[in-house]
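# Tertiary structure, described
Here's the letter readout for the chains.
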Amino acid sequence: MTATHVPGLPRVEDGQLISTNPATGEEAGRVPVADETAVTDAVTRARAAGLWWQGLGWEGRKTRLLRWRSLIVHRIDELAALTHGESGKPVTDGLMEAAAAIEHLDWAARNAKRVLGPRRVRTRLLVAEHTGHLEYQPYGVVGVIGPWNYPILTPVGPISGALAAGNAVVLKPSEYTPMVGQWLADTFAEVVPEHPVLQVVHGLGDVGGALCRAGVHKIAFTGSTATAKRVMAACAENLVPVVLEAGGKDALIVDADADVAAAADAAVWGAMTNAGQTCVGIERVYAVAPVYDRFVEAVVAKAATLRTGEEIGPITMPKQLGIIREHIEDALAKGGRAVLGGADAVQAPYVSPTVFVDVPADAAAQREETFGPTLTITKVADADEAVTRANDSPYGLGGAVFGKRDAIRIARRLRSGMVAVNGTLTFVGMGNLPFGGVGESGFGRIHGEDGLREFARAKSITVRRGPSLLPAMTFERTPAQVRQIVKALRLLYGRKP
């Protein structure tokens, strides 16, 4: 088998991008590769389509987005099977991923007008004769560059926000999961056949770079931190704004009054779901000393029941196997101890669940994104030490806390965009909550009200409603009028709070 025919590794033949299952090597489908001209043409078509889409108004767009939502619901088994065939993840995982995407699509469609629609704002002293109005206008064309680990949920987040806000969208799905991206565009075209409001362009990384430079008005990217920096650099050439959701090294804190059994169950889920290929997956646990031993025992017992090829699917990106192997070997070499799995865990295309203890803080398994079904558990003296260690990371995407009395206070102290209390990854299922990180995990938000506002420009309008009693913005103002304004300021704002 040549390197170009490794199962799961995308390849290009005769202008076609060929997608294969990483577990079996079976072809999942093939799509035409877009060159730079094709990408530019797609964006040009999107500009015209976007004007039509914007002209439908809030209710017109809502109706069509909800039709798309219903179509996805009715064909969810088809979508899950396609995701399984292309990424190798269990069909049940594909169903749950699609369910979360449907939630976000529904929320964006139903709430866009409320969040982004025109409103009147209160006037202020210096321009009391004017009324203030605020509205949010679509950018025009939004480019979405999607990942391979959640090829349904992750792109649907910015796609639904951008479409609900009135933009047209050009999607560049990961070259590892192009067929899922094509399915999304094709099904949208079934309910909106009039204009190419949602298009898809396929190819390797150069196609993503071409999309950044093709005249889009904003880019939403999800992927590795290294690639996010390249996307941002390409967009900077033309001052194209970006939303970046990059890597993570999320931590779970288990406090002394936590439900240990529930915490262990959630830790295994957060670390091992989707074979650990989750940007907001749990990769580190800090358990306080009084519950540490019981927690480790419970995690090992739970994780040991998971079977590769069934609950644990294959590693979708073949080269990630090498990174996971390096992190395991580095943890062992630096004194870490595998209480489950270990040195022989990597058996391509699978990785068996692996749990480490006693891994030093400078090991790759503690510092770098592993993106596999591995977990480090570290004993700490108390929650304060746990927070300090959890925050000692360049990443800041999600996290979790298990406990009772202080759990929410601990959650607020974590340097991250999202935290689940007495659960893991639960914030993903709430369409009304924003999603995004800080630091090396990126910036900007998708989902929720903040996510809708990412895809529209704030437009401020003032309208004169009468003569100026205290004219401030005119050369006709007199010194006496200026003194009156100052007097009013002192009366209104001069008192100490």
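What comes next is a walk through the structure.

Reading the values: the criteria
Residues numbered from 1 in each chain as written. Predicted model: local features only at pLDDT ≥ 70, side-chain atom pairs only at ≥ 80, totals over all residues. Heavy atoms only, no water. Pairing = 2+ DSSP bridges. Helix = DSSP H or I, 4+ residues; strand = E, 2+ residues; numbered from the N terminus. Axes fitted to C-alpha atoms, helices over the stretch in contact; angles between N-to-C directions. Contact = heavy atoms within 4.5 Å. Core = buried A, V, L, I, M, F, W, Y, C linked by side-chain atoms within 4.5 Å. Buried < 20%, exposed > 50% of the residue type's maximum accessible area, 1.4 Å probe, protein only. Parallel < 35°, antiparallel > 145°, perpendicular 65-115°, else oblique. Nonpolar A, V, L, I, M, F, W, Y, C, P; charged D, E, K, R; others polar. 1 Å grid on protein atoms, 1.4 Å probe; cavity = no way out; pocket = protein on both sides within 12 Å on 5 of 7 lines; lining within 4 Å. Points joined across faces, edges and corners; volume = space filled by probe spheres on them.

What follows concerns the sheet that holds strand β3 (residues 27–32). Strand order in the open sheet made by the 3 strands is β1-β2-β3, with antiparallel pairing throughout. Both edges of this open sheet fall to β1 (11–13) and β3, since each of them pairs with a single strand only. Across the sheet, the mean angle from the axis of one strand to that of its neighbour is 30°, orientation sign disregarded. Looking at chain direction, strand β2 (residues 16–20) and β3 are connected through 5 bridges and run antiparallel. The residue bridging threonine 20 from the neighbouring strand is glutamate 27, located in β3. Relative to the sheet, helix α6 (residues 178–191) contacts β2 and β3, its axis offset from that of β3 by approximately 65°.

As a rule of thumb, nonpolar side chains are buried together in soluble globular proteins. Judged by nonpolar contacts, the single largest core of 120 residues is most densely connected at Trp68, Phe295 and Ile377. The element that contributes the greatest number of residues to this core is helix α4 (residues 91–116), accounting for 11 residues. With near-sequence residues (within four places) excluded, phenylalanine 295 lies in contact with Leu252, Val254, Val260, Ala263, Ala264, Ala267, Val285, Ala287 and Ile377. In this structure, Ile145, Leu211, Cys212 and Ala214 belong to the second largest nonpolar core, which totals 26 residues.

To continue, consider the packing of helix α3 (residues 76–87) against α6. One can describe the packing of α3 onto α6 by two numbers: an axis separation of 8 Å at closest approach and a directional angle of 155°. When the axis of α3 is compared with that of α6, the two are roughly antiparallel. Each of Glu78, Leu79, Leu82, Thr83 and Glu86 in α3 lies in contact with α6, whose residues at this interface are Pro178, Met179, Val180 and Trp183. Taken together, the residues that form the contact of α3 with α6 break down as 6 nonpolar, 1 polar and 2 charged.

Turning next to the layout of surface pockets. Taken as a whole, the largest pocket encloses approximately 1,100 Å³ of empty space. Every residue lining the largest pocket is counted, 41 residues in all, and those nearest its centre are Trp148, Gly223, Ser224, Thr227 and Met317. Listing elements by their share of the lining of the largest pocket, those giving two or more residues are α7 (205–212), β9 (218–222), α8 (225–236) and α11 (320–333). When its residues are assigned to classes, the lining of the largest pocket shows 17 nonpolar, 15 polar and 9 charged. Its volume calculated, the second largest pocket comes out at about 440 Å³. If you go around the second largest pocket, you meet 23 residues; those closest to its centre are Ala100, Tyr150, Leu153, Leu425 and Val428. A total of 4 residues in the lining of the second largest pocket trace back to one element, the largest contributor, which is α4. A breakdown of the residues in the lining of the second largest pocket according to their chemical character gives 11 nonpolar, 8 polar and 4 charged.

Counted according to the given criterion, the structure contains 5 cavities of 30 Å³ or more. A volume near 100 Å³ is recorded for the largest cavity. Residue lining of the largest cavity: 15 residues in total, with Arg284, Ala390, Gly398, Arg415 and Ser416 positioned closest to the centre. Taken together, the residues that form the lining of the largest cavity break down as 5 nonpolar, 6 polar and 4 charged.

Right, let's get into unusual backbone geometry. For the bond from alanine 348 to proline 349, the omega torsion is 5°, close enough to zero to count as cis. Checked against the element boundaries, proline 349 lands in the loop between β14 (346–347) and β15 (350–351). Of note, the phi angle at aspartate 14 is positive, near 55°, even though the residue is not glycine. With a phi close to 60°, phenylalanine 371 is a non-glycine residue in the positive phi region. By the secondary structure assignment, phenylalanine 371 is in the loop between α12 (364–367) and β17 (374–380). Its relative accessible area of 10% is what places phenylalanine 371 among the buried residues.

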